[in-house]
Amino acid sequence: MRFSKTLVPTLKEAPAEAEVPSHVFMVRGGYLRKVAAGIYSFLPLGWRVIQKITGIVREEMNRAGASEVFLPAVIPAELWQESGRWDKYGAQLLRFKDRKGGNFVIGPTHEEVIVDLVRGDVRSYRQLPLNLYQVQTKFRDELRPRAGLMRGREFIMKDAYSFHVDEDDAKREYRNMYDAYTRIFTRCGLSFRAVEADTGAIGGSLSHEFQVLTETGEDVLVACDRCDYAANVEQAESRVGERALGAGSGVEALTKVRTPGQGSIDDVSAFLGLPSTQFAKTLIYIADGKPVAAMIRGDRTLNEVKLKKALGAVADPVMATEAMVLAATGAPVGFAGPIGLTIPVWCDREIAEMVDFVVGANEVDVHYRGVNLTRDFTPTGTAGIRQAAPGDRCPRCADGTFKSYRGIEVGQVFFLGQKYSEPMKANFLDASGHERSMVMGCYGIGVTRIAAAAIEQNHDKDGIIWPTPIAPYEVALLSLQGDDPGLRAVCDRLYAELESLGIEVLYDDRDERPGVKFKDADLIGIPWRVALGKKGLAEGIVEVKPRRSSEVQKVKLDEAVAFVAARVKEERR
Ligand code: ATP
Ligand code: MG
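About the criteria used
Residues numbered from 1 in each chain as written. Chains lettered and ligands numbered in written order. Predicted model: local features only at pLDDT ≥ 70, side-chain atom pairs only at ≥ 80, totals over all residues. Heavy atoms only, no water. Helix = DSSP H or I, 4+ residues; strand = E, 2+ residues; numbered from the N terminus. Buried < 20%, exposed > 50% of the residue type's maximum accessible area, 1.4 Å probe, protein only. Contact = heavy atoms within 4.5 Å. Areas by Shrake-Rupley, 256 points an atom, 1.4 Å probe, with all protein chains shown as cover. Lys, Arg positive; Asp, Glu negative; His and termini not counted. Charge placed at Lys NZ, Arg CZ, Asp CG, Glu CD. Axes fitted to C-alpha atoms, helices over the stretch in contact; angles between N-to-C directions. Parallel < 35°, antiparallel > 145°, perpendicular 65-115°, else oblique. Left-handed = near helix turned anticlockwise from the far one by under 90°. Donors = N, O, S within 2.8 Å, 3.2 Å for Na, K, Ca; no water. Near = heavy atom within 4 Å. Polar contact = N/O pair within 3.5 Å; in protein donor to acceptor, adjacent residues only side chain to side chain. Pairing = 2+ DSSP bridges. Phe/Tyr/Trp six-rings, centres within 6.5 Å; stacked < 30°, edge-to-face > 60°. Core = buried A, V, L, I, M, F, W, Y, C linked by side-chain atoms within 4.5 Å. Salt bridge = Lys/Arg side-chain N within 4 Å of Asp/Glu carboxyl O.

Participant: Give a detailed account of the overall build of the protein, specifying residues and quantitative values.
Facilitator: The helix and strand inventory of the protein stands at 14 helices and 31 strands. In terms of principal-axis extent, the alpha carbons of the protein reach across some 95 × 70 × 55 Å. Across the 573 residues that make up the protein, the buried fraction comes to 53%. By sequence separation, contacts in the protein at least 24 residues apart represent 69% of the contacts at least 6 residues apart. Surface exposure of the protein reaches about 25,100 Å², of which carbon and sulfur atoms provide 51%. Side-chain charges in the protein split into 75 positive and 79 negative, and the spacing between the mean points of these groups amounts to 2 Å.

Participant: Tell me what's going on with the packing of helix H2 (residues 44-63) against helix H6 (residues 167-187), and back it up with residues and numbers.
Facilitator: For the pair H2 and H6, interaxial distance at closest approach is 9 Å and the crossing angle is 150 degrees. With respect to each other, H2 and H6 are oriented roughly antiparallel. The interaxial crossing formed by H2 with H6 has right-handed handedness. When H2 is examined against H6, the residues Ile56, Val57, Glu59, Glu60, Met61 and Arg63 are found in contact with a partner set consisting of Met177, Ala180, Tyr181, Arg183, Ile184 and Arg187.

Participant: Now, about the coordination of the magnesium ion (ligand 2): what can you tell me, with residues and values included?
Facilitator: Donor atoms from the polypeptide that bind the magnesium ion (ligand 2) are Glu409 (OE) and Gln412 (OE1), placed at 1.9 to 2.1 Å. When its relative accessible area of 22% is taken as the criterion, Glu409 is described as partly exposed. Owing to a relative accessible area of 10%, Gln412 belongs among the buried residues under this scheme.

Participant: Mind laying out the site of ligand 1, listing which residues take part and the relevant values?
Facilitator: Near ligand 1 lie 15 residues; those nearest to it are Arg140, Glu142, Arg151, Gly152 and Glu409. The side chain of Glu142 places a nitrogen or oxygen atom 2.8 Å from a nitrogen atom of ligand 1. Between ligand 1 and Gln412, the relevant distance is 3.1 Å, taken from an oxygen atom to a side-chain nitrogen or oxygen of the residue. Against a free-state accessible area of 580 Å², the protein chains account for coverage of 86% of ligand 1. Those elements that place two or more of their residues in the shell around ligand 1 are strand S8 (154-164) and strand S21 (402-417). When residues of the shell around ligand 1 are assigned to their parent elements, the largest contribution, four residues, is made by S21.

Participant: Would you mind going over the sheet that holds strand S6 (residues 103-106) in detail, with residue names and values included?
Facilitator: The three strands lie next to each other as S4-S6-S5, forming an open sheet whose pairing is antiparallel. Only two strands of the sheet have a single partner each, and these edge strands are strand S4 (74-76) and strand S5 (94-97). Across the sheet, the mean angle from the axis of one strand to that of its neighbour is 35 degrees, orientation sign disregarded. Summarising the sheet, S5 and S6 pair through four bridges and their orientation is antiparallel. Within S6, the residue paired with Leu94 across the bridge is Ile106.

Participant: Talk me through the sheet that holds strand S13 (residues 255-258); I want residue IDs and the actual numbers.
Facilitator: Working definition: the strands of a sheet are paired by backbone hydrogen bonds and lie parallel or antiparallel to each other. An order of S13-S19-S18 is seen for the three strands of this open sheet, with the pairing classed as antiparallel. Pairing within the sheet leaves two strands with one partner each, and these edge strands are S13 and strand S18 (357-363). Going from strand to strand, the sheet's axes swing by 35 degrees on average, the running direction of each strand aside. In this structure, S18 lies alongside strand S19 (residues 366-371), joined through four bridges in antiparallel fashion. Across the sheet, the residue bridging to Val359 is Tyr368, located in S19.

Participant: I'd like a rundown of the environment of Leu45, residues and numbers included.
Facilitator: Structurally, Leu45 can be placed in helix H2. A relative accessible area of 1% places Leu45 in the buried class. For the pair Leu45 and Gly30, spaced 15 residues apart in sequence, the C-alpha to C-alpha distance is 7.3 Å. In this structure Leu45 touches Val8, Gly29, Gly30, Tyr31, Pro472, Tyr473, Leu506 and Ile524, once residues within four positions along its chain are discounted.

Participant: So what's going on with the packing of aromatic side chains? Residues and values would help.
Facilitator: Evaluation of the coordinates by the stated rule reveals twelve aromatic pairs. Ring geometry for Tyr181 against Phe210: centres 5.5 Å apart, planes inclined by 55 degrees, an arrangement best described as tilted. With Tyr181 in helix H6 and Phe210 in strand S10 (residues 206-213), the pair connects residues that are 29 residues apart, well separated along the chain. Under the relative-accessibility criterion, Tyr181 is labelled buried at 0%. Taking the centre distance of 5.0 Å and the plane angle of 40 degrees together, the rings of Tyr495 and Tyr507 count as tilted. With a gap of twelve residues between them, Tyr495 in helix H11 (residues 485-500) and Tyr507 in strand S28 (residues 505-508) connect regions that are remote in the sequence. As far as the burial class goes, Tyr495 and Tyr507 line up, both buried.

Participant: Break down unusual backbone geometry for me, citing the residues and quoting the values.
Facilitator: The omega angle of the peptide bond from Leu128 to Pro129 is 0 degrees, so this bond is cis rather than trans. The topology assignment puts Pro129 in the loop between helix H5 (111-121) and strand S7 (130-139). Here Leu373 and Thr374 are connected by a cis peptide whose omega angle stands at -10 degrees. Looking at the secondary structure, you find Thr374 in the loop between S19 and strand S20 (381-383). At Asn362, a position not held by glycine, the phi torsion is positive, near 55 degrees. Position of Asn362 relative to the elements: it lies in strand S18. Here Lys425, not a glycine, exhibits a phi torsion of approximately 55 degrees, which is positive. As for its position among the elements, Lys425 is in the loop between S21 and strand S22 (427-429).

Participant: Account for the nonpolar core, naming residues and giving values.
Facilitator: Tyr31, Tyr181, Phe185 and Trp466 are the most contacted members of the largest nonpolar core, which has 66 residues in total. Here this core gets eight residues from one element, more than from any other, and that element is H6. Leu71, Trp80, Trp86 and Val113 belong to the second-largest nonpolar core, a separate cluster that totals 27 residues.

Participant: So what about the pattern of salt bridges? Which residues, and what values?
Facilitator: Here the structure, examined in full by the defined rule, presents 46 salt bridges. A salt bridge links Lys52 to Glu504; its shortest N-O distance comes to 2.7 Å. Remark: Glu504 occurs in the loop between H11 and S28 and Lys52 occurs in helix H2; sequence separation between them is 452 residues. A residue is classified by how much of its surface remains accessible, and Lys52, at 17% relative accessible area, is buried. Its salt-bridge partner being Arg297, residue Glu350 comes within 3.7 Å of it at the nearest N-O pair. Of this pair, Glu350 sits in the loop between strand S17 (345-348) and S18 while Arg297 is found in strand S15 (residues 290-297), placing the two residues 53 residues apart along the sequence. There is no split in this pair, since Glu350 and Arg297 are both buried.

Quick look at the structure:
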């Protein structure tokens with residue numbers, strides 16, 4: 001493609017809201033333009049990247065035995081009511097009415113539509129297993145769309161759904177998809193890790209996320225330094241001591257201490273001269289409409305997903321407001337404690353290992369110290385409800401500890417079981433003529449998010465450094481004096497020869513200064529740069545440079561095409 005004939009509007013400055021490199025460079029490099037919060041137009045370069053990614057995804061899904069379909073983006077509410085998600089999915093679901101007053105949603109995910117399709121046309125075990133996928137625009141009304149393609153409201157997803165006669169076969173397909181995902185992300189040139197994951201709003205019981213490891217990732221992961229256990233912190237379990245609840249009580253007597261104005265752990269800890277690990281925080285939550293107290297060690301973070309599971313709550317627990325805390329504990333925020341509370345009290349397992357600790361006394365400006373389980377209070381229950389942290393002990397091996405990483409979730413695989421097929425009656429007749437619910441799996445990939453994640457992993461201060469398989473073009477050909485007819489003729493010939501060998505070339509034929517062309521080439525990030533000016537032409541020398549290194553190679557003009565084509569082909573996957 002000739003630069004002069006396409007639309008690559010590069011910019012010197014990024015918009016103020018762009019903070020992460022992928023967002024900055026995609027806007028500056030003329031890949032992307034914002035239409036509304038979390039909604040973007042793809043320009044020619046951006047769309048080529050998306051099509052490269054989609055191409056790899058399709059090849060590997062087809063190779064894995066899945067068949068492509070295309071489902072509607074607009075879905076009637078009845079299907080979502082049938083699965084129960086019309087009420088549960090919350091504000092991320094964009095709902096609207098058509099002219100006749102019928103309720104519809106724009107699909108954030110497509111379990112309902114696919115189950116409806118399959119239950120209509122698949123009746124017998126002979127038609128199973130099936131794996132159907134699509135590449136499609138999704139809409140999720142995210143609270144905080146951010147970082148360009150990383151968290152959009154409208155984005156492109158590859159979603160696949162598989163249907164099986166039993167759990168064993170669904171688990172075989174889960175493995176098959178896990179392997180296909182590993183091939184897809186490897187071919188996209190990403191450095192990633194599959195981690196055990198929470199099943200979130202999609203539901204089910206077994207799941208892995210594919211996380212691209214980078215500093216700017218939103219997700220926090222922990223991985224064992226000895227074995228291959230790795231998990232999202234939302235899911236990770238840490239090994240706790242074997243000590244029984246209340247065993248080995250401390251020596252201090254229970255005493256009330258005055259702590260005027262010391263409502264935060266840091267304040268009280270400084271005030272009493274005790275480390276934060278000697279405190280237990282009591283957090284008041286509202287779960288399914290009722291208040292409940294959740295206790296974790298002073299330096300820990302509560303994990304709401306784990307709390308929800310421990311409580312067996314239907315809805316996500318939410319932090320109580322100040323007024324609710326006052327009503328439940330009789331004291332303002334900062335002074336809640338388990339002693340004398342009348343609402344259920346859930347302790348993190350770690351609390352069971354603590355002795356002589358400090359808690360709020362449900363009185364303003366007062367704490368208890370010397371607190372011991374079960375001498376001073378008995379909780380309603382204990383469960384792992386805190387977030388895992390670096391340094392925690394691994395639950396799978398004897399002596400490993402956790403390290404923490406940040407990641408960008410580019411894909412997730414779920415074993416769903418009969419979560420959708422049962423309520424939506426996706427049944428089949430087995431070999432002995434009995435009617436049974438199908439067993440399902442579902443598998444998502446954030447196609448547009450992959451583009452952002454790849455840039456987060458591959459850039460420098462000047463711009464993007466695309467992995468060749470997903471680069472918009474493979475070679476940037478720069479004619480350094482675009483107005484010189486002799487030079488133009490030679491560059492036109494190089495362009496035609498590279499293209500005839502199947503190499504994808506962005507030919508910068510603009511009438512711009514060399515400095516501008518070099519800067520734009522670095523910003524756009526095409527893996528190979530081939531530059532020719534009048535001086536090189538006179539010497540019969542072309543300058544070839546990989547975007548990834550600063551090493552310029554001088555290649556003879558008549559060998560340049562073969563040289564570059566060979567390098568590019570080595571890097572294709
Ligand atoms: P997240 O936790 O990041 O909100 P999710 O777990 O809700 O994502 P899934 O339902 O697993 O997302 O969707 C499959 C894939 O779609 C994700 O792995 C991710 O790569 C991509 N994806 C999800 N939400 C977005 C979004 N708002 N913008 C871009 N890609 C997204
Ligand atoms: Mg996910």
